[in-house]
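# Observations on chain architecture
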2 protein chains.
Amino acid sequence: MNKFEIGNEIKQRRKFLKITQQELSEIVGVGLRSLIDIESGKGNPTIDQLQKVLSVLGLTFEIKVKSNE
Amino acid sequence: MNKFEIGNEIKQRRKFLKITQQELSEIVGVGLRSLIDIESGKGNPTIDQLQKVLSVLGLTFEIKVKSNE
DNA sequence: GGCAAATGTGCAACTTATTGCATCTTATTG
DNA sequence: CAATAAGATGCAATAAGTTGCACATTTGCC
């Protein structure tokens, strides 16, 4: 799962919850600019940033042993 | 899954592969200091940093909808 | 089409992560 | 116990992420 896929997951989830980037950025406490970069896969956020966004969206991430894709 | 748990997963996997932090840092191309911080949960690495480490260790991460824990 | 909201971009200031080095504390092994 | 390797910490310089602002582009709705 790369940064673009991560961004897409977040964008999909946000749209599912019917909130705008601006609203989400305010709720999460992350700058709008950063959120935009995260969703579009252009940024390289820290884990804290990512976790805050995922948490508010009701998402979480897990580490797994890579199986034959 | 928080930063400490992430660090532990990485440390466990590294030990399973029987390599030292220094060896892993050289293989991954990440500074030893950063790797130490990641494993101990003290750092706040970027996704790129984390991805590089996970990739070399044969690990991957997925985003999921949070279910009732 | 036209308007308004939402999303994306360039830039600069500010904050924070990354890295290497020296040093210290813990294992580990003979 | 002694010696060596592995792991951890403080610090300073460098590299990179974060943010807000102004402005451009796209999207959605009437």
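Everything below is about the structure printed above this text.
One structure accompanies this document, and this report is about it. Here, residues in each chain are numbered from 1, in the same order as that chain's written sequence. Chain A is the first chain written and ligand 1 is the first ligand written, with later ones labelled in order. In keeping with the model being predicted, local features are shown solely for residues with a pLDDT of at least 70 and side-chain atom pairs are shown and tallied solely at 80 or more, while totals for entire chains, interfaces and linings include all residues. Each side-chain value is derived from all of the structure's non-hydrogen atoms; neither hydrogens nor water enter the calculation.

This next bit is on the pattern of salt bridges. Residue and element names in this part refer to chain A. Any carboxyl oxygen of Asp or Glu that lies within 4 Å of a side-chain nitrogen of Lys or Arg is treated as forming a salt bridge with it. Under the criterion given, the structure shown has 8 salt bridges over all chains. For the salt bridge of E39 with R14, the shortest nitrogen-to-oxygen distance reads 2.6 Å. Placement of the pair is E39 in helix 3 (residues 32-39) and R14 in helix 1 (residues 3-16), with a sequence separation of 25 residues. Accessibility here uses a 1.4 Å probe with only protein chains present; expressed as a share of the type maximum, an area under 20% marks a residue as buried, one over 50% as exposed, and anything in between as partly exposed. A residue is classified by how much of its surface remains accessible, and E39, at 3% relative accessible area, is buried. On the accessibility criterion, R14 (7% relative accessible area) is buried. In this structure, E62 and K64 form a salt bridge, with 4.0 Å as the shortest nitrogen-oxygen distance. Runs of H or I in DSSP of at least four residues are treated as helices and runs of E of at least two as strands, each being numbered from the N terminus.

This paragraph deals with helix 3 of chain A. All names here are of chain A. Turning to helix 3, its buried residues number three or more, namely L35, I38 and E39. An end-on view of helix 3 places all buried positions within 95° of arc, on one side of the element. Pairs of residues are marked as contacts when any of their non-hydrogen atoms sit within 4.5 Å. On its buried face, helix 3 sits against helix 1, helix 2 (21-28) and helix 4 (47-57). One or two steps after helix 3, the chain reaches G41, where phi turns positive at roughly 75°. Working note: the arc is built from the helix axis to C-beta atom directions.

All right, on to the relation of the copies chain A and chain B then. The relation between the two copies of this chain is a rotation about an axis and a shift parallel to it. Screw-axis analysis of chain A against chain B gives a translation of 0.0 Å along the axis, an RMSD of 0.1 Å, and a rotation angle of 180°. The transformation relating the two chain copies, once decomposed into turn and shift, fits a two-fold axis. Minimal C-alpha distance to the rotation axis in chain A is attained by T46 of chain A, lying at 2.0 Å. Comparing interface residues between copies, 100% of those in chain A also lie at the interface in chain B; the contact surface is shared. C-alpha atoms of residues with pLDDT of at least 70 in both copies form the basis for the least-squares superposition of the copies.

The topology assignment puts R13 of chain B in helix 1 (residues 3-16). Charged-residue counts in this description rest on Lys and Arg as positive and Asp and Glu as negative, His and the chain ends being excluded. The charged side chain of R13 of chain B is buried without a salt bridge, its nearest counter-charge being E9 of chain B at 8.2 Å. Identification of polar contacts relies on pairs of N or O atoms within 3.5 Å, with a donor-acceptor requirement for protein atoms, meaning one able to donate a hydrogen and the other able to accept it, and with residues adjacent in sequence counted only if both atoms are side-chain atoms. For R13 of chain B, the side chain forms a polar contact with the main-chain oxygen of L57 of chain B, separated by 2.7 Å. If near-sequence neighbours (up to four positions away) are discounted, R13 of chain B is found in contact with V65 of chain A together with L57, G58 and L59 of chain B.

A few words on the protein's contact with DNA strand D. Here a residue counts as near a molecule or strand whenever at least one of its heavy atoms sits within 4 Å of it. The local shell around DNA strand D holds 16 residues, among which S34 and N44 of chain A together with Q21, R33 and K42 of chain B are the closest. Sugar plus phosphate, as a fraction of atoms of DNA strand D within 4 Å of the protein: 67%. At 3.3 Å, a backbone N or O of T46 of chain A approaches a phosphate oxygen of DNA strand D. In this structure, a phosphate oxygen belonging to DNA strand D sits 3.0 Å away from a side-chain N or O atom of K11 of chain B. Only helix 3 of chain A together with helix 1 and helix 3 (32-40) of chain B provide two or more residues apiece to the surface near DNA strand D. Its residues assigned to classes, the surface near DNA strand D comprises 3 nonpolar, 8 polar and 5 charged. Polar here means any residue outside two lists: the nonpolar Ala, Val, Leu, Ile, Met, Phe, Trp, Tyr, Cys and Pro, and the charged Asp, Glu, Lys and Arg; Gly therefore counts as polar.

Right, let's talk about the interface of chain A and chain B for a bit. With 24 residues of chain A at the contact, the number on the chain B side is 24 residues. Accessible area that two parts lose when put together, evaluated with a 1.4 Å probe and summed over both, is termed the buried area. Summing both partners gives a buried area of about 2,600 Å² for chain A against chain B, and 59% of it is carried by carbon and sulfur. Its largest share of buried area at the contact with chain B, chain A owes to M1, I47 and I63 of chain A, together 26% of the area lost on that side. On inspection of chain A and its partner chain B, the count reaches 2 salt bridges. Residue D48 of chain B is joined to K3 of chain A by a salt bridge in which the shortest nitrogen-to-oxygen separation is 3.3 Å. Our count for the chain A to chain B interface comes out at 17 residue pairs in polar contact (both at pLDDT 80 or more). Of all the elements in the fold, those that place two or more residues in the side of chain A that touches chain B are helix 1, helix 4 and strand 1 (59-65) of chain A. Counting residues per element, the side of chain A that touches chain B draws most heavily on strand 1 of chain A, which supplies 7 residues. Each residue belonging to the side of chain A that touches chain B can be placed in one class, and the counts come to 10 nonpolar, 7 polar and 7 charged. Two strands pair if DSSP finds at least two bridges between them. When strand 1 of chain A meets strand 1 (residues 59-65) of chain B, the two strands line up antiparallel, connected through 7 bridges. Considered in strand 1 of chain B, the bridge of V65 of chain A is made with L59 of chain B.

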